[in-house]
Amino acid sequence: MYKLELTPNECLYISDALCSHTVGPAGESWSAYPGFLLKLSGAILESRGGAQTYITVDMTDLFVLRDICKSGVMFGSERVGLNLLYKVSEGLLSESLDVLIPGIFKVKDSG
């Protein structure tokens, strides 16, 4: 598991990107990532008022995040996409090392 630090804008960016990934028959849709959206919902509520927050993610979550990261996305002057890409890439490498050498890390921080 990896502890990922998120800004309020990063939380909103992830939420918007994930909610556009829906599955279902014609006329019906639902999120393809309900478990991850539950984690994210808590982070969004914690980040109200501008506070940074954390979510604990696994490799699957990190790959989902990597899939939606667009490095050119900006919210005002905050480079949300690129900053998130850096954090996710660090998490993927960290988690990959932990798979190769179990127990090398405990809970890792992105901050």
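Going by the structure above, here's the rest.
Residues numbered from 1 in each chain as written. Predicted model: local features only at pLDDT ≥ 70, side-chain atom pairs only at ≥ 80, totals over all residues. Heavy atoms only, no water.

Applying the stated criterion across every chain, the model contains zero aromatic pairs. The ring of Tyr54 has Lys3 lying over it, and the distance from NZ or CZ to the ring centre is 4.7 Å. (Phe/Tyr/Trp six-rings, centres within 6.5 Å; stacked < 30°, edge-to-face > 60°. Lys NZ or Arg CZ within 6 Å of the ring centre and 35° of its normal.)

Once that is clear, we can look at the environment of Asn9. Inspection of the secondary structure puts Asn9 in helix α1 (residues 8-19). The exposure class of Asn9 is partly exposed, given its relative accessible area of 23%. Taking the C-alpha atoms as reference points, Asn9 and Val80, separated by 71 residues in sequence, lie 6.8 Å from one another. With residues up to four places along the chain from it excluded, the contact list for Asn9 reads Phe75, Glu78 and Val80. (Helix = DSSP H or I, 4+ residues; strand = E, 2+ residues; numbered from the N terminus. Buried < 20%, exposed > 50% of the residue type's maximum accessible area, 1.4 Å probe, protein only. Contact = heavy atoms within 4.5 Å.)

Those residues of helix α3 (residues 59-68) that fall on the buried side of the exposure criterion are Asp61, Leu62, Val64, Leu65 and Ile68. For α3, the buried positions fall inside an angular range of 160° around the axis, keeping them on one side. If you check the start of α3, you find a side-chain oxygen 3.1 Å away from the backbone N of Thr60, and it comes from Asp58. (Arc of directions from axis to C-beta. Polar contact = N/O pair within 3.5 Å; in protein donor to acceptor, adjacent residues only side chain to side chain.)

A word on the pairing of strand β4 (residues 53-57). Burial of the side chains of β4 is restricted to one face: Thr53, Ile55 and Val57 are buried, whereas none of Tyr54 and Thr56 on the reverse face is. Pairing between strand β1 (residues 2-6) and β4: five bridges, direction antiparallel. The partner of Leu6 across the bridge, within β4, is Thr53. (Pairing = 2+ DSSP bridges.)

Bringing the packing of α1 against α3 into the picture now. Taken N-terminus to C-terminus, the directions of α1 and α3 make an angle of 85°; their axes are 10 Å apart at the nearest point. The orientation of α1 relative to α3 falls into the category roughly perpendicular. On α3, the residues touching Tyr13, Ile14, Ala17 and Leu18 of α1 are Val64, Leu65 and Ile68. Grouping the constituent residues of the contact of α1 with α3 by class yields seven nonpolar, no polar and no charged. (Axes fitted to C-alpha atoms, helices over the stretch in contact; angles between N-to-C directions. Parallel < 35°, antiparallel > 145°, perpendicular 65-115°, else oblique. Nonpolar A, V, L, I, M, F, W, Y, C, P; charged D, E, K, R; others polar.)

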